[in-house]
Amino acid sequence: MRVPQSVSAQPLLGRAIYLGHIDYALAWRLQLELVERRVRGEIPDTVLLCQHLDVITVGRRQRAQANILDARFPVFEVERGGDATYHGPGQLVGYPILLLRPGTSDEDRWGERDLHAYLRGLEEALCLLCAQLGVSATRKEGYTGVWTADQARKLASLGIAVRRWVTFHGFALNVPTELSRFHTLNPCGLAAQVMTSLAAEGGQLPGAPEPLSVESLLQPLLQHLGSVLSRQFALISLQDSELPELLQKLRSAPQSGDSAPIG
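### Some words on the overall build of the protein chain
When helices and strands are tallied, the protein chain shows five helices and eleven strands. For 263 residues, the compact-globule estimate of 2.2 N^0.38 gives 18 Å, and the C-alpha radius of gyration of the protein chain, at 18 Å, lies within 12% of that figure. Expressed along its principal axes, the backbone C-alpha trace of the protein chain runs to roughly 50 × 45 × 40 Å. Looking at the protein chain residue by residue over its 263 residues, the buried ones come to 54%. Taking the intrachain contacts of the protein chain between residues at least 6 apart in sequence as the baseline, contacts between residues at least 24 apart amount to 69%. Of the side chains in the protein chain, 25 bear a positive and 27 a negative charge, and the two mean positions are spaced by 4 Å.

Here's what the structure looks like:
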């Protein structure tokens, strides 16, 4: 992601919180609440990291619903860009809730508020993580996401939304994801067979004897994400944040139509 030199010289301090396995509707409501708090300056830039139970989400792209082939999983229509996407166990999902900074000069009026550059930054961070694991990854012209070097198989999907220059939604990287789950839809309008995972591509953390897991990638991901986005994300435990109380409040609150599954 290209940021102005005057901005990138001063990385912002932020935080990241791993939620573990969490229901999609609850994570969605949490994002919306934290976006409002970030707009008001009550919290720092925050990256939520998690895994979801099996779910399909549908973005704003026209005819995205037509790409759902088997509605065995809950389906949520959300405000992010993009098409139909599967989320499930073994997938590292990231929701950066960042206040994008404006430019500081006439030569760079937009600063971080170039949303195409922001998307490319997320892709770049994921590509760097894949490379660290021994999996060559790249972008594919005309598509959003992260692909294998030959551009034949897709490792990660992305879709974002922005409110008052605060980002939410984000990315989903397949780690040891069960790839057969993708056959319930045409993921992002593509054939399910194009989806792959880091485990399927032989990814491994250098020097790590244990199999690749979502939890093992949290810190490496944040290092690359922080480098690309000119931020320093400190990984804190869920218990050391204010989120347990907020999550309990959101669980007990009446569920609005905006966060209910459709179909």
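Having seen the model, we can carry on.
### A few points about the pattern of salt bridges
Inspection of the entire model under this criterion finds 16 salt bridges. Counted as one network, the salt bridges with shared partners bring together Arg-38, Asp-45, Arg-101, Glu-112 and Arg-231.

### Quick look at the environment of Leu-92
Along the chain, Leu-92 falls in strand β6 (residues 91–97). Along the primary structure Leu-92 and Val-135 are separated by 43 residues, whereas in three dimensions their C-alpha atoms are 16 Å apart. Apart from the residues lying within four places of it in its own chain, the contact partners of Leu-92 are Leu-49, Cys-50, Phe-171, Ala-172, Leu-173, Val-175, Val-214, Leu-217, Leu-218 and Leu-221.

### Describing the nonpolar core
Residues Leu-49, Leu-92, Leu-126, Leu-173, Val-175, Leu-198 and Leu-217 are the most contacted members of the largest nonpolar core, which totals 38 residues. Of all the secondary-structure elements, those providing two or more residues to this core are β1 (12–22), β2 (46–52), α3 (115–132), β9 (154–163), β10 (166–174) and α4 (218–229). In terms of residues, this core owes the most to one element, α3, which gives eight residues. If near-sequence neighbours (up to four positions away) are discounted, Leu-126 is found in contact with Val-146, Ala-156, Leu-158, Phe-171, Leu-173 and Leu-221. By size, the runner-up hydrophobic cluster in this structure holds 29 residues, among which are Leu-48, Cys-50, Ala-161 and Leu-238.

### Considerations on the sheet that holds strand β4 (residues 75–77)
One open sheet holds the three strands; their spatial order is β4-β3-β5, and the pairing between them is mixed. Edge strands, defined here as strands with exactly one partner in the open sheet, are β4 and β5 (84–87). Going from strand to strand, the sheet's axes swing by 25 degrees on average, the running direction of each strand aside. Here strand β3 (residues 55–58) runs beside β5; their pairing, made up of four bridges, is antiparallel. Note on β5: the bridge partner recorded for Val-55 is His-87.

### Brief notes about the sheet that holds strand β11 (residues 231–236)
Strand order in the open sheet made by the eight strands is β7-β8-β9-β10-β6-β2-β1-β11, with mixed pairing throughout. Both outer strands of the open sheet, β7 (137–138) and β11, are each paired with one neighbouring strand and no more. Here β1 runs beside β11; their pairing, made up of six bridges, is parallel. Bridge pairing in β11 links Arg-15 to Ala-234. Packed onto the sheet, helix α2 (residues 24–39) meets β1, β2, β6, β9 and β10 and runs at close to 145 degrees relative to β10.

### Some thoughts on the pairing of β3
A two-sided burial pattern is seen for β3, the buried positions comprising Val-55 and Thr-57 on one face and Ile-56 and Val-58 on the other. Of the strand pairs in this sheet, β3 and β4 are connected by three bridges, and their pairing is parallel. If you follow Val-58 over to β4, its bridge partner there is Glu-77.

### Side note on unusual backbone geometry
Although it is not a glycine, Trp-165 adopts a positive phi angle of roughly 65 degrees. Looking at the element boundaries, Trp-165 is found in the loop between β9 and β10. Classification of Trp-165 by relative accessible area gives partly exposed; the value is 29%. Here His-169, not a glycine, exhibits a phi torsion of approximately 55 degrees, which is positive. Here His-169 shows up in strand β10. Residue classification places His-169 among the buried residues on the basis of a relative accessible area of 2%.

### Some points on helix α5 (residues 243–252)
Turning to α5, its buried residues are Leu-243, Leu-246, Leu-247 and Leu-250. On an axial view of α5, the arc spanned by its buried residues comes to 100 degrees, and they lie on one face. Facing away from the buried side of α5 by over 90 degrees, the exposed positions are Glu-245, Lys-249 and Ser-252. Lining the buried residues of α5 we find β1, α2 and β2.

The rules behind these values
- Residues numbered from 1 in each chain as written.
- Predicted model: local features only at pLDDT ≥ 70, side-chain atom pairs only at ≥ 80, totals over all residues.
- Heavy atoms only, no water.
- Helix = DSSP H or I, 4+ residues; strand = E, 2+ residues; numbered from the N terminus.
- Rg over C-alpha atoms; globule rule 2.2 N^0.38 Å.
- Buried < 20%, exposed > 50% of the residue type's maximum accessible area, 1.4 Å probe, protein only.
- Contact = heavy atoms within 4.5 Å.
- Lys, Arg positive; Asp, Glu negative; His and termini not counted.
- Charge placed at Lys NZ, Arg CZ, Asp CG, Glu CD.
- Salt bridge = Lys/Arg side-chain N within 4 Å of Asp/Glu carboxyl O.
- Core = buried A, V, L, I, M, F, W, Y, C linked by side-chain atoms within 4.5 Å.
- Pairing = 2+ DSSP bridges.
- Axes fitted to C-alpha atoms, helices over the stretch in contact; angles between N-to-C directions.
- Arc of directions from axis to C-beta.

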